[in-house]
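Fold and geometry: a report
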Amino acid sequence: MISQQHISDRALNIPTSAIHEMTRLSQLQEDVAFLSWAKPTSDTPEHIKDAASKAIMEGKTAGYSPTWGLVPLREAVAKKLRNDNKIDATIEEVMITVGAIEGLSAAVLATVNPGDEVIIPIPGYSTHVRQVEIAGGKPVLVQTDEENGYKLDIDKINAALTDKTKAIIFSDPNNPTGAVYSKEELQALADMATENDLMVIVDEAYEYFTYDGHEHYSIASFEGMHDRVISVFTFTKSYAMTGWRVGYLHAPADLIKHIVKMHIPLAICAPVVAQYAAIAALEGPQDCISEFRQHYLMVRDVMCERLDRVKHVFDYQKPKGAYLMFPRIKADGKDDSMKFAVNLLQKAGVSTTPGIAFKGEGHVRMSFCVPEDMVNIAFDRIENYFGKNS
């Protein structure tokens with residue numbers, strides 16, 4: 001057995017991921033209704049797969065791409081950012097990444113020094129906390145307003161500021177809550193960042209999935225924010241490209257050249273074949289996005305109906321975006337979400353993600369990027385296990 005002295009303090013101090021532990025446990029069990037994975041169950045559209053096949057047949061597999069990414073892909077990304085996100089982007093401000101995760105990691109490493117404080121609204125994506133910790137920074141967790149749909153509390157954020165605060169990092173739409181931040185919330189955040197000279201790092205993976213009239217706004221498009229925002233995107237959610245591992249990042253040109261320095265030892269470049277597929281994703285038909293959105297909306301509403309039937313087990317806020325629900329546990333086990341999730345898996349055959357993974361103890365995350373049948377099977381089992389609402 002390896003001696004603990006051969007393991008870095010950095011690795012020892014970061015706990016095992018509750019997300020991946022639930023995945024491991026779920027794979028050990030047969031006949032599981034999966035509501036735990038935040039990945040599309042749809043297949044990648046055919047024209048995207050065809051572009052990858054063409055790249056393979058043409059022998060575009062033997063070498064690296066430029067570190068920044070293929071030029072045609074960066075051009076397509078810059079065009080998309082201008083048209084869809086209203087960000088005044090140029091190709092010099094775009095880097096292709098290995099999904100959003102690697103882009104976020106490179107961004108944090110390029111901006112956060114040991115001892116710097118980074119504000120993270122919670123519940124929030126667990127990886128953001130780990131990325132700050134790996135960089136030697138201190139995550140400063142600020143609770144959002146659950147009763148008001150997990151709205152950003154600017155007063156709480158202001159109260160958390162110190163002379164060591166360097167940045168704020170968050171996802172919008174939010175993982176795990178499905179919150180979508182309004183233009184007013186983001187403007188208040190932009191004003192605060194400007195007044196306090198903070199960087200803003202925003203994970204926009206779920207940008208196209210908003211519902212009920214809510215809109216997604218890229219804070220980098222706000223007046224005066226272009227030079228203090230790092231915006232990170234991925235093809236994973238929009239085009240059902242989870243396994244392709246390709247995303248992209250926008251940052252001011254003077255900063256992105258330093259982010260690239262972090263990108264090189266992490267990845268060198270994004271997978272080349274996946275980059276050719278990504279070009280086809282951006283330049284080809286966009287019908288899949290609206291089709292996915294309509295499916296998720298339908299399944300979200302089914303999940304809400306089923307949650308309404310087990311009010312003695314869960315309370316919830318209807319998500320405005322993403323494809324994630326974050327119900328509060330009311331049943332026994334509400335104070336230990338990991339124990340509750342393991343119990344639900346092993347005794348009812350339903351896989352969820354414990355809220356502790358997102359600094360949201362007392363909740364579980366459920367994904368509605370699944371077939372409607374999966375939701376109904378899962379909630380049939382939940383009803384059988386806990387009993388129907390009296």
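Refer to the structure presented above.
Let me sum up the structure you'll find in this document. None of the values given here were measured: they were computed from a predicted structure.

Basis of the calculations
- Positions within a chain are numbered from 1, following the residues in the order the chain's sequence is written.
- At least 70 in pLDDT is required for a residue's local features to be given in this predicted model, at least 80 for side-chain atom pairs to be given and counted, and no such filter applies to totals for whole chains, interfaces and linings, which use all residues.
- Excluding hydrogens and water, the side-chain values take into account all heavy atoms of the structure.
- A 1.4 Å probe rolled over the protein chains alone gives each residue an accessible area, and that area as a share of the maximum for its type sets the label: buried under 20%, exposed over 50%, partly exposed in between.
- Numbering of helices and strands runs from the N terminus, with a helix taken as a DSSP run of H or I at least four residues long and a strand as a DSSP run of E at least two residues long.
- Two strands qualify as a pair provided DSSP detects at least 2 bridges between them.
- In the sections that follow, a salt bridge refers to a side-chain nitrogen of Lys or Arg positioned within 4 Å of a carboxyl oxygen of Asp or Glu.
- Note that patches include only residues with greater than 30% relative accessible area and no salt bridge, and the join distances are 9 Å for like charges and 5 Å for nonpolar side chains (Val, Leu, Ile, Met, Phe, Trp, Tyr).
- Calculation of accessible area relied on Shrake-Rupley with a 1.4 Å probe; when residues are assessed, cover is drawn exclusively from the protein chains displayed.
- Neither His nor the chain ends contribute to the count of charged residues, in which Lys and Arg are positive and Asp and Glu negative.
- Just so you know, the charge point we use is NZ for Lys, CZ for Arg, CG for Asp and CD for Glu.
- A pair of Phe, Tyr and Trp rings is counted when the ring centres sit within 6.5 Å of each other, with Trp represented by its six-membered ring. The angle between the planes then sorts it: under 30 degrees is stacked, over 60 is edge-to-face, the rest tilted.

A separate point is the pairing of strand E2 (residues 94-97). Side chains Val94 and Ile96 project from E2 onto one buried face, and the interleaved Met95 and Thr97 project onto a second face that is buried too. Direction of pairing for E2 relative to strand E8 (residues 247-250): antiparallel, over a ladder of 4 bridges. In the strand pairing of E8, Ile96 is matched with Tyr248.

Bringing the pattern of salt bridges into the picture now. Here the structure, examined in full by the defined rule, presents 16 salt bridges. We note a salt bridge from Lys151 to Glu185, for which the minimum N-O separation is 3.9 Å. Note that Lys151 is positioned in the loop between strand E4 (138-143) and helix H7 (154-160) and Glu185 in helix H8 (residues 183-195), a separation of 34 residues in sequence. Residue classification places Glu185 among the buried residues on the basis of a relative accessible area of 8%.

As a further point, take a negative patch on the surface. There is a patch of like negative charges on the surface, built from Glu305, Asp308, Glu372 and Asp373. Elements with a minimum of two residues in the negative patch: helix H12 (287-308) and helix H14 (372-386).

Turning to unusual backbone geometry, a few remarks are in order. With omega at 0 degrees, the peptide bond leading from Ile122 into Pro123 counts as cis. Within the secondary structure, Pro123 sits in the loop between strand E3 (117-122) and helix H6 (126-134). In this model, Asp172 is joined to Pro173 through a cis peptide bond whose omega is -5 degrees. You can see Pro173 is positioned in the loop between strand E5 (165-171) and H8.

Per the stated rule, a full pass over the model turns up 16 aromatic pairs. Considering the side-chain rings of Phe170 and Tyr181, the 5.9 Å spacing of their centres and the 65 degrees angle between planes classify their relative orientation as edge-to-face. Here Phe170, found in strand E5, pairs with Tyr181, found in the loop between E5 and H8; they are 11 residues apart in sequence, far enough to count as distant. The exposure class assigned to Phe170 is buried, which follows from its relative accessible area of 3%. Ring geometry for Phe314 versus Phe340: centroids 5.9 Å apart, planes at 80 degrees, classification edge-to-face. Separated by 26 residues along the polypeptide, Phe314 in strand E9 (residues 314-315) and Phe340 in helix H13 (residues 337-348) bring together distant segments of the chain. Here Phe340 falls in the buried class, since its relative accessible area comes to 4%. Pairwise contacts between aromatic rings join Tyr206, Phe209, Phe292, Tyr296 and Tyr323 into one cluster.

Take the environment of Thr16 next. Relative to the elements of secondary structure, Thr16 occurs in the loop between helix H1 (9-13) and helix H2 (18-27). By relative accessible area, which is 68% here, Thr16 ends up exposed. Separated by 342 residues in the primary sequence, Thr16 and Phe358 place their C-alpha atoms 13 Å from one another.

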